[in-house]
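Residues per chain, in single letters:
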Amino acid sequence: MSKEIPYKIYLEEHEMPKQWYNVRADMKNKPAPLLNPGTKQPMTLEELEHVFCTELAKQELDDTTPYIDIPEEILNFYKMYRPSPLVRAYCLEKKLGTPAKIYYKFEGNNTSGSHKLNSAIAQAYYAKKQGLKGVTTETGAGQWGTALSMACSYFDLDCKVYMVKCSYEQKPFRREVMRTYGASVTPSPSMETEVGKKILLEHPGTTGSLGCAISEAVEAATTTEGYRYVLGSVLSQVLLHQTVIGLETKIAMDKYDIKPDIIIGCAGGGSNLGGLISPFVGEKLRGENDYQIIAVEPASCPSLTRGKYAYDFCDTGKVCPLAKMYTLGSGFIPSANHAGGLRYHGMSSVLSQLYDDGYMEARSVEQTAVFAAAEQFARVEGILPAPESSHAIKVAIDEALKCKETGEEKTILFGLTGTGYFDMYAYENFHNGTMSDYIPTDEDLKPGFDSLPKMD
Ligand SMILES: *Cc1c(COP(=O)(O)O)cnc(C)c1O
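All of these numbers come straight from a predicted model, not from anything done at the bench.

Participant: Looking at this model, I keep getting lost on the overall build of the chain. Mind explaining?
Facilitator: When helices and strands are counted, the chain shows 18 helices and 15 strands. Taken over C-alpha atoms, the radius of gyration comes to 21 Å for the chain, in line with the 23 Å a tight globule of 456 residues would show. Along the first, second and third principal axes, the C-alpha atoms of the chain reach 65 × 50 × 45 Å. Burial statistics for the chain: of 456 residues in total, 62% are counted as buried. Surface summary for the chain: the accessible area is close to 17800 Å², and the carbon and sulfur share equals 51%.

Participant: Even after reading the chapter, I still don't get the domain arrangement of the chain, so can you show me in this structure?
Facilitator: The parts lose accessible area when they come together, and the size of an interface is often stated as this lost area. Domain annotation of the chain identifies domain 1 (20-70 + 115-235) and domain 2 (82-113 + 237-450). Relative placement of domain 1 and domain 2: their C-alpha centres are 22 Å apart. Contacts between the two partners involve 55 residues from domain 1 and, on the opposite side, 49 residues from domain 2. Together, the buried faces of domain 1 and domain 2 total about 4600 Å²; carbon and sulfur atoms form 62% of this surface. Three residues, Tyr21, His115 and Val234, lead the burial of domain 1 against domain 2; their summed loss comes to 16% of the area buried on that side. Taken together, domain 1 and domain 2 are joined by two salt bridges.

Participant: What is the right way to read helix 16 (residues 387-406) from this model?
Facilitator: Owing to its 3.6 residues per turn, the α-helix aligns residues three or four sequence positions apart on the same side. Relative to the 28 Å expected for 20 residues at 1.5 Å per residue, helix 16 spans 29 Å between its end C-alpha atoms, a close match to the ideal helical length. Positive phi shows up at Gly407, right after helix 16, with a value of about 80°.

Participant: How should the pairing of strand 5 (residues 101-106) be read in this particular structure?
Facilitator: A regular strand carries its side chains on alternate faces of the sheet. Burial analysis of strand 5 places five of its six residues in the buried class, which makes it a mostly covered element. As defined by bridge partners, strand 4 (residues 86-88) adjoins strand 5 across three bridges and the pair is classed as antiparallel. Opposite Leu86, over in strand 5, you have Lys105 as the bridge partner. Across six bridges, strand 5 lies against strand 15 (residues 411-416) in parallel orientation. Following the sheet pairing, Ile102 is matched in strand 15 by Ile412.

Participant: How should I be thinking about the site of the ligand in this particular structure?
Facilitator: Near the ligand there are 18 residues, and of these Lys116, Ser233, Ser271, Asn272 and Thr417 occur at the shortest range. Elements supplying a minimum of two residues to the shell around the ligand: helix 12 (271-285) and helix 16. Grouping the amino acids of the shell around the ligand by side-chain chemistry returns four nonpolar, twelve polar and two charged. Here the shell around the ligand spans two domains, since at least three of its residues come from each of domain 1 (20-70 + 115-235) and domain 2 (82-113 + 237-450).

Quick notes on the rules
Residues numbered from 1 in each chain as written. Predicted model: local features only at pLDDT ≥ 70, side-chain atom pairs only at ≥ 80, totals over all residues. Heavy atoms only, no water. Helix = DSSP H or I, 4+ residues; strand = E, 2+ residues; numbered from the N terminus. Rg over C-alpha atoms; globule rule 2.2 N^0.38 Å. Buried < 20%, exposed > 50% of the residue type's maximum accessible area, 1.4 Å probe, protein only. Areas by Shrake-Rupley, 256 points an atom, 1.4 Å probe, with all protein chains shown as cover. Domains from an automatic or database assignment. Contact = heavy atoms within 4.5 Å. Buried area = accessible area lost by both parts, 1.4 Å probe. Salt bridge = Lys/Arg side-chain N within 4 Å of Asp/Glu carboxyl O. Expected span 1.5 Å × (residues − 1). Pairing = 2+ DSSP bridges. Near = heavy atom within 4 Å. Nonpolar A, V, L, I, M, F, W, Y, C, P; charged D, E, K, R; others polar.

Below you can see the structure in the form of structure tokens.
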């Protein structure tokens, strides 16, 4: 007899994971190393330390330690908003009339409104421990900048955020939340950095991009004493911190003898998806269990489904190390009508390798379908989802409807990464019928691919 499953499965504080899990340790084919863009040789710790906090640089290079202790101070901060609930979507199941059992891990229960706080607090902690004065970063939609500003105020660190200009203008409230937590916010590209000036000269009137804001933040960090650069996604260290999501999920599911058949997550740079699936993929890699894993990305920014697996620049200014990843090329700029996040041109090198090795599949979905799924979900489950998260909702619903046809009682797990209160312009466009879908043609993708570095 299996136990009755409650609507929400909460863990007790003492059941929370005390270590992060480094899936790289169990990968036979390790993700390719970051390369120095000048020499094309693997980045050393000494080189990475100029840009990143030392302990984080060590985590970035560590392909072998399976479990890494979560420092006490970070655990204590986690306790303010974690464990996050694992929710059985009974109402959605009923509405869909599916025999599938749907679960979602909800990461939106903190002021920043997303999972990004899990890594922000870790990165701020290591910066403080190193005796730094502050950190710099970029933010696109604004969730990362918000999370980092909360984390920095907790540890009394300066926080300098370069915010992609179009979101700076479209999302003034995001900006004000960051300033409430004491961060300084600069629209990017700006005249404050050499790379910003150069980009403005070449593209006057540009509304910016993530890749460009990254270049500015890196320059600001490396030219200011006592500062380092931090990043909210893509890097292996970020994926490591986000495994707290998957580890909690696994503990909660094990308590009730639940085993997911399908695990779904949205994929921008890959941090929430990587964090959710890591413990499950670990079992797959060790041959202990099998799961179907699906990454969901926007059809307008399809790095996994249409990208190339190649070394690429991580930023427009080409100041960052080269990473091997599924990428559309650092010169790729998603269509302006694409509303919800997930706009980065590349994908975490860990996820890229897992995908290339067949441990994970990928699907791309169009934005009107994503917002329709978001609305359907909000109306029965109550939570107003972030557009990014809604990519996962869309595919979870698709899979549940397949089960309705076949009568299969599959267990579906997806990551609900955050809430969408700051995305109401996008919702408004959807409601007014002014939102359109845009799928780039091969021709549209060509300039991005042409911008890939020559590697011989
Ligand atoms: C940033 C963000 C994402 C995408 O980032 P990943 O690194 O791919 O997880 C997804 N959902 C929300 C709510 C976000 O803020």
